[in-house]
2 protein chains.
Amino acid sequence: MNSPARLLAPDQVERVHQASLEILAAVGLRVRSHTARTLLARHGCRVDAATCLVTFPQPVVERWRQACPATFTFHGLDPQTDRTIPDDGPLVSISGGAPTAVDPATGQARPACLQDIAQAARLMEELPGYDLCTVPVIAHDAPAGQFQIAHYYPALRHCRKPVRGTQPDTADAEQVLHLGALIAGSEAAYRARPFLTYVCCPVISPLTLDVDSTDMLIRCAREELPLFACVAPNAGVTAPLSLMGTLVQCNAEFLAVAVLTQMARPGTPLIYYALPSVADMRSLVYAPGAIETGILLMGCIQMARMYNVPCGGLAGLTNAKVNDAQSGFETGMSALALALSGANLLVIGGFLDAIMTYDPVKLVIDHEIGLMLKRAQQGLDGDGEAEALGEIADVGPGGTFVDRPHTLARLRTAALLPEIADRAPRHQWAAAGATTAHDRALQRVKEILERDSPMTLAPEVDARIRAAFGGLFAGPASGD
Amino acid sequence: MNSPARLLAPDQVERVHQASLEILAAVGLRVRSHTARTLLARHGCRVDAATCLVTFPQPVVERWRQACPATFTFHGLDPQTDRTIPDDGPLVSISGGAPTAVDPATGQARPACLQDIAQAARLMEELPGYDLCTVPVIAHDAPAGQFQIAHYYPALRHCRKPVRGTQPDTADAEQVLHLGALIAGSEAAYRARPFLTYVCCPVISPLTLDVDSTDMLIRCAREELPLFACVAPNAGVTAPLSLMGTLVQCNAEFLAVAVLTQMARPGTPLIYYALPSVADMRSLVYAPGAIETGILLMGCIQMARMYNVPCGGLAGLTNAKVNDAQSGFETGMSALALALSGANLLVIGGFLDAIMTYDPVKLVIDHEIGLMLKRAQQGLDGDGEAEALGEIADVGPGGTFVDRPHTLARLRTAALLPEIADRAPRHQWAAAGATTAHDRALQRVKEILERDSPMTLAPEVDARIRAAFGGLFAGPASGD
């Protein structure tokens, strides 16, 4: 992409930055984590012990935000799937953390379970447009005492790509590290190439840092375990009911987390990653499918570029409950806004009903949207106009380009060839069963899930994991 | 919008322009219209009488393209609906010219008829996001001898907004003018505020100008009747199979039409209006729903801005045959690309099956997409960061914005409040009938069509039209 879309003029970018600095200096954040307050105080923030209010002097923010590195690396089980942004971007992934899932066998929504994770991992392993394997759900059948590891194990067992999931809490963290060590061969080997990346939400908008997520953020930074935070203000409820106001607050909240992370360990990689949204003020319902999410994210990405940090966002959400036209246009539009803004990480798919329901069929539909986003960010072929001139002159007025060597050489590469979008004329489409995009994507889900799934782990490694952690759900794999 | 999205760097814009000039100078166009050849020759183009090939010396192109005005005005029956771009833009409209229509009563596709035009006009009159009333179909029941007037009459009878339709041929043109004069009171009154705008396709890609459309283009320019041309190269068939090559050819074809128009009458308003697309090379099927249409249009809009002419395009087309997820994401994505590029005229909706089927339900769905596009082009509220600062400081960490006067004052304006997109949580949505976007839009179509439709024409004017042209189809209106 030669020049990403900008909704903010350069002086507006500067004004958003200045307003964010002023919020941090004059209003500050309520910081509930004692560890964080101590760290912030040590590096020049002002802490009121009674109220837990912390203000950030501007020089402190300016100094520490400049410690943020310009790249972030995702590691996969298979090193060939490693991706570093911005250079390897845009990366496409799905969202995570839904309590509900649509069962591909029945088409009905029901409480999410571990089987959903295993199946989602198989789908993401097969679909080349997905760069990461995100744990899509919070499984109701994850056993107490092994909650996080139960989520990560089926994902790792079925997908070699970098796995992304919810940050474990303090107790779970040891188990997850142990799982990593068992797979990598040793804890040192895992720490050298950590193939799990955590996402956390330490900010409770407006302007509050919690205890558990914030403590884990600091710990991960110190231990060099990859993690990034999501900032998610909601205009009208947890942020001002104006897009500019929500952008300013979102940016201040990002800066607070970035500064804290760098204080924990300077040079810790992070991502400017956000889900700013509006509430529908008719009912106060959460409306992440709104076009405003895309507009707000375009503003965030401009700020991230000013800060020279890798950037992305959660777009492509929808308030639709089924894969209908609403689902299509809400997903496609905010996701394209994010892509055209030049974002490096496009978390766009797989979810219905705001962020409540994971649907494997939507995961397949959104894979195609992800390919369209990559195509859009690629833009127009750099300096192709000279070659084009020759082509056009050779063919001349009234000629055809169909049989040209230039054409034949580019049949499969010049344009995206979709698999879910049907392009047949109406009569052919009717003769072939008059399917919807949902029907075709469901068919693809079934094809992939019915196929043998090669296990990603060596049998002896898998046996060691099962011995260490009894009762983990695995999901069927052909290596079993 | 502060800074539209750009896929081309400034030097690429210049290179596309130079390549276009070179095509026009070295390759030229085959110009089948004798009138056009004469006009072009008179103003310095080189015409080969034997082959009808016309080349355009660069100084000729540069001189005449600079005669293009920077604005284009659409007039409506009701002067309050007049719109001038770029200032009043973006304008949203639907596509036109489909031979097939989905019947809202049966849901089935069938040959398009005049009733579809009357109903579409009623829908566009009621839906505030549509700025123009486009004649959507080619009606199979339009009587021979009154073909074009049969299309324009039901549109004018049900919608006060500017009407846009296919350019009439030489014989029809007099009838259409007569219709305009009967409504306006006199031919002079009609010519002072012509409420019909013609769209024509004089270019047959690659690089050919036809006879009829080109002759009418010249005639309309000379008679000051509003008209603009659509340029529609198809990569792989009628243009090189590369996006840059197709952009260069599209731009050369636009320049040829622009230059010819200005030679016919300097200062004739026009629009840089295009539908560049790719063929799906697996089957050579026309694929205007592809993301490449959006990418190509973004390139066109950048060129138009360099030429300082009003600009737009036909995006938001889909290859889907029903209003499913494919229809949603294809429509929304290319349309958003066009909107974020800063286009002034967004022709985005109402059609399925490439450009073959008009569907009133999709017209309603796409109205909501059109509102989202306007919101996106509006972007972030200019200098709202100062006010936001005060809001955020007043609410403070952990507070709520729900009950703030700032919030209450902006409940209905800060964010788009959609009517087709359903935002209820799953259980509420299920209890309310578990509808799709298609179901809800169909319901809206029925509500509008069942309502009394006030006739736009005075009864005596209507009687005069019926007397002058026997047997015109009108569509029921409450003034009848």
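A short tour of the structure in this document, coming up. Just so we're clear, the structure is a prediction, and the values are computed from it rather than from any experiment.

1. Observations concerning the overall build of chain A
- A count of helices and strands for chain A gives 17 helices and 22 strands.
- Relative to the 2.2 N^0.38 estimate, which gives 23 Å for 480 residues, the radius of gyration of chain A is 23 Å and therefore close to what a compact globule would have.
- The dimensions of chain A, computed from C-alpha atoms along their principal axes, are 75 × 60 × 45 Å.
- Here chain A holds 480 residues, and 65% of them are scored as buried.
- Considering only contacts in chain A between residues 6 or more positions apart, those separated by 24 or more positions represent 73%.
- Only carbon and sulfur atoms are counted for the fraction: they give 54% of the accessible area of chain A, which is about 15200 Å².
- Within chain A, one finds 38 positive and 49 negative side-chain charges whose respective centroids are separated by 3 Å.

2. Concerning helix α9 (residues 243-264) of chain A
- For α9 of chain A, built from 22 residues, the straight-helix expectation of 32 Å at 1.5 Å per residue is met to within 8% by its first-to-last C-alpha distance of 32 Å.
- Where burial is concerned, most of α9 of chain A is hidden: 22 out of the 22 residues are buried.

3. Digging into the sheet that holds strand β20 (residues 345-349) of chain A
All names here are of chain A.
- Read from one edge to the other, the open sheet built from eight strands follows the order β6-β20-β19-β16-β14-β11-β10-β9, with strand pairing classed as parallel. Only two strands of the sheet have a single neighbouring strand rather than two, namely β6 (91-94) and β9 (133-134).
- In this structure, strand β10 (residues 163-166) lies alongside strand β11 (residues 196-200), joined through four bridges in parallel fashion. Across the sheet, R164 pairs through a bridge with T197, a residue of β11.
- This element, helix α11 (residues 325-340), spans β19 (311-314) and β20 of the sheet and lies at about 180° to β20.
- Against the sheet, helix α12 (residues 360-378) contacts β6 and β20, and its axis sits at roughly 145° relative to β20.

4. Notes on unusual backbone geometry
- Going from I85 of chain A to P86 of chain A, the amide bond is cis rather than trans, its omega being 15°.
- When you line up the elements, P86 of chain A lands in the loop between β5 (83-85) and β6.
- Even without being glycine, A354 of chain A reaches a positive phi, approximately 60°.
- Along the chain, A354 of chain A turns up in the loop between β21 (351-352) and β22 (357-358).
- The backbone of L284 of chain B shows a phi angle near 60°, a positive value even though the residue is not glycine.
- Tracing the backbone shows L284 of chain B in the loop between β17 (277-280) and β18 (285-287).

5. Quick look at the pairing of strand β19 (residues 311-314) of chain B
Residue and element names in this part refer to chain B.
- Neither face of β19 is open: one carries C311 and G313, the other G312 and L314, and all of them are buried.
- Two strands pair when backbone bridges link them, and strand β16 (residues 272-274) and β19 are joined in this way by three bridges, in the parallel orientation. Bridging from a neighbouring strand, Y273 pairs with G312 of β19.
- By the bridge criterion, three bridges tie β19 to strand β20 (residues 345-349) in an arrangement that is parallel. Looking at the pairing, G312 lines up with L345 of β20.
- Of the crossover connections in this fold, the one passing from β19 over helix α11 (residues 325-340) to the parallel β20 is right-handed.

6. Some points on the interface of chain A and chain B
- Contacts between the two partners involve 119 residues from chain A and, on the opposite side, 118 residues from chain B.
- Across the chain A/chain B interface, buried area totals approximately 9700 Å², and carbon plus sulfur atoms make up 68% of it.
- Looking only at chain A, the three residues that lose the most surface to chain B are L380, R423 and R426 of chain A, adding up to 9% of its buried area.
- Between chain A and chain B we count six salt bridges in total.
- Residue R423 of chain B pairs with D280 of chain A through a salt bridge whose shortest N-O separation is 2.8 Å.
- Across the chain A-chain B interface, the total number found is 38 residue pairs in polar contact (both at pLDDT 80 or more).
- Here the side of chain A that touches chain B gets ten residues from one element, more than from any other, and that element is α11 of chain A.
- Its residues placed into classes, the side of chain A that touches chain B shows 68 nonpolar, 28 polar and 23 charged.

7. Let's talk about the packing of helix α5 (residues 147-158) of chain A against helix α6 (residues 170-184) of chain A
Residues and elements named next belong to chain A.
- Between α5 and α6, whose axes approach to 8 Å, the crossing angle comes to 25°. Considered as vectors, α5 and α6 are oriented roughly parallel to each other. As for the relative orientation of α5 and α6, their crossing is right-handed in sense. Of α6, the residues touching α5 (which contributes F147, Q148, I149, Y152, Y153 and L156) are D172, Q175, V176, L179 and I183.
- Per-class residue counts for the contact of α5 with α6 are eight nonpolar, two polar and one charged.

8. Quick word on the environment of L457 of chain B
Residue and element names in this part refer to chain B.
- One can find L457 in the loop between α16 (437-450) and α17 (459-468).
- For L457, a relative accessible area of 6% translates into the label buried.
- Along the backbone, L457 and C159 are 298 residues apart, and their C-alpha atoms lie at a distance of 9.5 Å.
- Among all residues touching L457, those that are not within four sequence positions of it are L77, Y153, L156, R157, I183, D462 and I465.

Here is what the cut-offs are and how they apply
- Residues numbered from 1 in each chain as written.
- Chains lettered and ligands numbered in written order.
- Predicted model: local features only at pLDDT ≥ 70, side-chain atom pairs only at ≥ 80, totals over all residues.
- Heavy atoms only, no water.
- Helix = DSSP H or I, 4+ residues; strand = E, 2+ residues; numbered from the N terminus.
- Rg over C-alpha atoms; globule rule 2.2 N^0.38 Å.
- Buried < 20%, exposed > 50% of the residue type's maximum accessible area, 1.4 Å probe, protein only.
- Contact = heavy atoms within 4.5 Å.
- Areas by Shrake-Rupley, 256 points an atom, 1.4 Å probe, with all protein chains shown as cover.
- Lys, Arg positive; Asp, Glu negative; His and termini not counted.
- Charge placed at Lys NZ, Arg CZ, Asp CG, Glu CD.
- Expected span 1.5 Å × (residues − 1).
- Pairing = 2+ DSSP bridges.
- Axes fitted to C-alpha atoms, helices over the stretch in contact; angles between N-to-C directions.
- Right-handed = clockwise from strand over helix to strand, strands pointing away.
- Buried area = accessible area lost by both parts, 1.4 Å probe.
- Salt bridge = Lys/Arg side-chain N within 4 Å of Asp/Glu carboxyl O.
- Polar contact = N/O pair within 3.5 Å; in protein donor to acceptor, adjacent residues only side chain to side chain.
- Nonpolar A, V, L, I, M, F, W, Y, C, P; charged D, E, K, R; others polar.
- Parallel < 35°, antiparallel > 145°, perpendicular 65-115°, else oblique.
- Left-handed = near helix turned anticlockwise from the far one by under 90°.

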